[in-house]
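In case you want the letters, here they are:
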Amino acid sequence: RKEVEQDPGPFNVPEGATVAFNCTYSNSASQSFFWYRQDCRKEPKLLMSVYSSGNEDGRFTAQLNRASQYISLLIRDSKLSDSATYLCVVNAGYNTDKLIFGTGTRLQVFP
Amino acid sequence: DVKVTQSSRYLVKRTGEKVFLECVQDMDHENMFWYRQDPGLGLRLIYFSYDVKMKEKGDIPEGYSVSREKKERFSLILESASTNQTSMYLCASSSGLAGPRYNEQFFGPGTRLTVL
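Below: a short report on this structure. What you are looking at is a predicted structure, and each value in this text was computed from that prediction instead of being measured.

This paragraph deals with the overall build of chain B. If you tally the helices and strands in chain B, you get zero helices and 11 strands. Helices and strands appear in chain B in the N-to-C order β-β-β-β-β-β-β-β-β-β-β. Taken against the 2.2 N^0.38 rule, which gives 13 Å for 116 residues, the C-alpha radius of gyration of chain B at 14 Å falls within 12% of a compact globule. The principal-axis extents of the C-alpha atoms in chain B amount to approximately 40 × 30 × 25 Å. Taking all 116 residues of chain B together, 49% fall into the buried category. A separation of at least 24 residues holds for 57% of the contacts in chain B among residues at least 6 apart in sequence. Here chain B contributes 16 positively and 15 negatively charged side chains, and the mean placements of these two sets differ by 5 Å.

Structure (structure tokens):
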């Protein structure tokens, strides 16, 4: 089983749509959770951290379910500029700075 | 803003050559990382360093070595390049402060290495 699993997509959605990505992780000792965004031929950049209580940043909402070891990202009112690959990221275990990256979910928003 | 720079965006080398990839960060971060990224495989950790002159193997260290003589600089060395080391190489840094919120990694723009 992969340490971090994501649906690779692609998700093709029209502008204005709401789209949700899911991710599962295998190490119950993980403490840090992130969503990164990676544009084509660019480096990954942090989109948002994911907190236990869930958190929102504008059109983006992240949720964490520790019991199920499940992370989600919801994007509302999709824009063309949201087209990218979204990487689910967790730290490798208790008290470590190593991160494990999922292989990413590709989103394509069309007009 | 954190800035992580890498010495080359594109590099073409021949099989058997020794290759140096340089990474520099300007935020006084303790931790530095080298990854390679391949289609379908995602980001895989090669080596990381949590202090000057300290290093730890990641998931795929074979064929690579690293050097960290100064806090801001982390070098990846391919002792004898092979065609299966053709890949995108990404360097990253993180603060090293205690606590999950400080695990965020900042990436350089990447070096696309082709080994012929």
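Still more to cover.
What follows covers the state of the cysteines. For the coordinates displayed, the defined rule picks out two disulfides over all chains. There is a disulfide in this structure between A:Cys23 and A:Cys88, and the S-S distance comes to 1.9 Å. One quick way to see it: the torsion about the S-S bond of A:Cys23 and A:Cys88 is about -70 degrees, and its sign makes the bridge left-handed. Of this pair, A:Cys23 sits in strand β3 (residues 19-25) while A:Cys88 sits in strand β9 (residues 84-91), and the two are 65 residues apart along the sequence. The residue that forms a disulfide with B:Cys23 is B:Cys91, at a sulfur-sulfur distance of 1.8 Å. Around the S-S axis, the bridge from B:Cys23 to B:Cys91 shows a dihedral of about -75 degrees and counts as left-handed. Remark: B:Cys91 occurs in strand β9 (residues 87-94) and B:Cys23 occurs in strand β3 (residues 19-25); sequence separation between them is 68 residues. You'll find B:Cys23 and B:Cys91 in the same group, each marked buried.

Residue and element names in this part refer to chain B. Assignment of secondary structure puts Thr-114 in strand β11 (residues 111-115). Distance in space between the C-alpha atoms of Thr-114 and Gly-42 is 18 Å, their sequence separation being 72 residues. Setting aside its immediate chain neighbours within four residues, Thr-114 contacts Leu-11, Val-12, Lys-13 and Thr-86.

Here the focus is empty space enclosed by the protein. One pass over the full model with this rule turns up one cavity of 30 Å³ or more. In this structure, the largest cavity spans a volume of roughly 50 Å³. Around the largest cavity sit A:Arg41, B:Arg9, B:Tyr10, B:Met88, B:Pro109, B:Gly110 and B:Arg112, which together line it. Residues of the lining of the largest cavity, tallied by class, amount to three nonpolar, one polar and three charged.

Attention now goes to the packing of aromatic side chains. Within this structure, the stated rule accounts for 12 aromatic pairs over all chains. Geometrically, the ring pair formed by A:Phe101 and B:Tyr35 is edge-to-face, given 5.5 Å between the ring centres and 80 degrees between the ring planes. In this pair, A:Phe101 is assigned in strand β10 (residues 99-101) and B:Tyr35 in strand β4 (residues 31-38), connecting two distinct chains. Centre to centre, the rings of A:Phe101 and B:Phe107 are 5.7 Å apart; their planes meet at 75 degrees, and the pair counts as edge-to-face.

Calculation criteria
- Residues numbered from 1 in each chain as written.
- Chains lettered and ligands numbered in written order.
- Predicted model: local features only at pLDDT ≥ 70, side-chain atom pairs only at ≥ 80, totals over all residues.
- Heavy atoms only, no water.
- Helix = DSSP H or I, 4+ residues; strand = E, 2+ residues; numbered from the N terminus.
- Rg over C-alpha atoms; globule rule 2.2 N^0.38 Å.
- Buried < 20%, exposed > 50% of the residue type's maximum accessible area, 1.4 Å probe, protein only.
- Contact = heavy atoms within 4.5 Å.
- Lys, Arg positive; Asp, Glu negative; His and termini not counted.
- Charge placed at Lys NZ, Arg CZ, Asp CG, Glu CD.
- Disulfide = S-S within 2.5 Å.
- 1 Å grid on protein atoms, 1.4 Å probe; cavity = no way out; pocket = protein on both sides within 12 Å on 5 of 7 lines; lining within 4 Å.
- Points joined across faces, edges and corners; volume = space filled by probe spheres on them.
- Nonpolar A, V, L, I, M, F, W, Y, C, P; charged D, E, K, R; others polar.
- Phe/Tyr/Trp six-rings, centres within 6.5 Å; stacked < 30°, edge-to-face > 60°.

Keep in mind that these numbers describe shape and distance, not what the molecule does.
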